[in-house]
Amino acid sequence: MKTILMKFQGPLQSYGTDSHFETRHTDDHPSKGAVIGLIAAALGIRREETAKLQELRNLRILFRVDQVGQMSKEFQIAAKYKKTGDHERNYVTYRYYLEDAAFLVALEGEDDLTKRIYEALKRPYFQLFYGRRSCPVNYDFLLGLYEGAAFDQIREWPWIAADWYRKRKSGQEKIRLDVYGDAACIPEESQRALRRDQPISFSQMGRQHELRFESHKSIWIANPDYVTPDIQTEHDAFTALMEEEYVSEQS
């Protein structure tokens, strides 16, 4: 068993699992559908080639939230035209994004499949995105291919948050991070919730996703930037004792 590790840390990311045309929401962490779509793009699978997604659906995925993102919203105007070519009306649509978020993504699967995916991610056939076309991946998003289970990699990999974010946590010796993903990857007891992000088809004629159970668990990792606080007190017992002796001698 091998695990591919990726770093999702772009300025903007968007992972909508419950969106409509006028309003495109984003979840607070990546979806399995977004990762499968990214892999399919790297392999050169087109949107209409639904049958080729089957082996990718069996991959097991974990997400570790290393840096919580801030929600942002923008609006766009889309025009609708009649079949005659005449303008009918305009739509005002809203897009939601995650700003400055960082996620460690672990992809677990059989050796041959993960090796093929890893090589494709190094030289992708199509452009790769963090959920939406306006959110291209960073040049250093691919961390490596490793032996072992995804959860072991997630638990041992160093913290990948930005420097400015890490400084805010410098007083904490241990950092608590949330982990989400396939229940089969998390060996210990965890919370589970339904999420509609198991892809069936990415076709423009009708995207389809199934419900799946996603597990959630918190882990603790060492903080490499931990600074031991200085223990200071306004009361200096030794100095006070010396002053008391000096006063006694003078009297």
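Residues numbered from 1 in each chain as written. Predicted model: local features only at pLDDT ≥ 70, side-chain atom pairs only at ≥ 80, totals over all residues. Heavy atoms only, no water.

Caption draft 1: Structural detail: the nonpolar core. If you look at the biggest cluster of nonpolar residues, it comprises 37 residues, and the most contacted ones within it are Met6, Phe8, Leu56, Ile117 and Leu121. Here Ile117 is in contact with Ile4, Ile39, Leu43, Leu56, Leu59 and Leu107, once residues within four sequence places are set aside. The next biggest cluster of nonpolar side chains, apart from the first, holds 18 residues, and it includes Leu62, Ala150, Tyr165 and Ile186. (Core = buried A, V, L, I, M, F, W, Y, C linked by side-chain atoms within 4.5 Å. Buried < 20%, exposed > 50% of the residue type's maximum accessible area, 1.4 Å probe, protein only. Contact = heavy atoms within 4.5 Å.)

Caption draft 2: Up close: the packing of helix α1 (residues 32-43) against helix α3 (residues 111-122). Orientation of α1 relative to α3, taken along the N-to-C sense of each, is 75°, at an axis distance of 8 Å. On the basis of the axis angle, α1 is roughly perpendicular to α3. From α1, Leu38, Ile39, Ala42 and Leu43 reach across to α3, where they touch Arg116, Ile117, Ala120 and Leu121. Of the residues contributing to the contact of α1 with α3, the split by class is seven nonpolar, no polar and one charged. (Axes fitted to C-alpha atoms, helices over the stretch in contact; angles between N-to-C directions. Helix = DSSP H or I, 4+ residues; strand = E, 2+ residues; numbered from the N terminus. Parallel < 35°, antiparallel > 145°, perpendicular 65-115°, else oblique. Nonpolar A, V, L, I, M, F, W, Y, C, P; charged D, E, K, R; others polar.)

Caption draft 3: Representation of the side chain of Asn223 within the structure. Within the secondary structure layout, Asn223 lies in the loop between β11 (208-222) and α6 (237-250). Of the residues examined, Asn223 reaches a relative accessible area of 6% and is grouped as buried. A distance of 2.8 Å separates a polar side-chain atom of Asn223 from the backbone oxygen of Lys169. A distance of 3.0 Å separates the side chain of Asn223 from the backbone nitrogen of Asp225, its partner in a polar contact. (Polar contact = N/O pair within 3.5 Å; in protein donor to acceptor, adjacent residues only side chain to side chain.)

Caption draft 4: The arrangement of the side chain of Gln13 in detail. Relative to the assigned elements, Gln13 resides in strand β2 (residues 12-13). Reaching out from Gln13, the side chain makes a polar contact with the backbone oxygen of Phe8 at a distance of 3.3 Å. For Gln13, the side chain forms a polar contact with the main-chain oxygen of Ala101, separated by 3.1 Å.

Caption draft 5: Summary view of the packing of aromatic side chains. Scanning the entire structure with this criterion turns up five aromatic pairs. Judged by centre distance (4.9 Å) and plane angle (45°), the ring pair of Phe8 and Tyr130 falls under tilted. Of the two residues, Phe8 is situated in strand β1 (residues 2-8) and Tyr130 in the loop between α3 and β8 (142-147); the sequence distance between them amounts to 122 residues. When its relative accessible area of 1% is taken as the criterion, Phe8 is described as buried. By way of ring pairs, the aromatic residues Trp159, Trp164 and Tyr165 are connected into one cluster. Between Arg192 and the ring centre of Phe213, over which it is positioned, the NZ or CZ distance is 4.3 Å. (Phe/Tyr/Trp six-rings, centres within 6.5 Å; stacked < 30°, edge-to-face > 60°. Lys NZ or Arg CZ within 6 Å of the ring centre and 35° of its normal.)

Caption draft 6: Local environment of the pattern of salt bridges. According to the stated counting rule, one finds 20 salt bridges in the structure shown. For the salt bridge of Lys2 with Glu147, the shortest nitrogen-to-oxygen distance reads 2.3 Å. Residue Lys2 is located in strand β1, and its partner Glu147 is located in strand β8; the two are separated by 145 residues in the primary sequence. Assessed through its relative accessible area of 10%, Lys2 is described here as buried. Linking Arg57 and Glu210 is a salt bridge whose minimum nitrogen-to-oxygen distance equals 3.4 Å. (Salt bridge = Lys/Arg side-chain N within 4 Å of Asp/Glu carboxyl O.)

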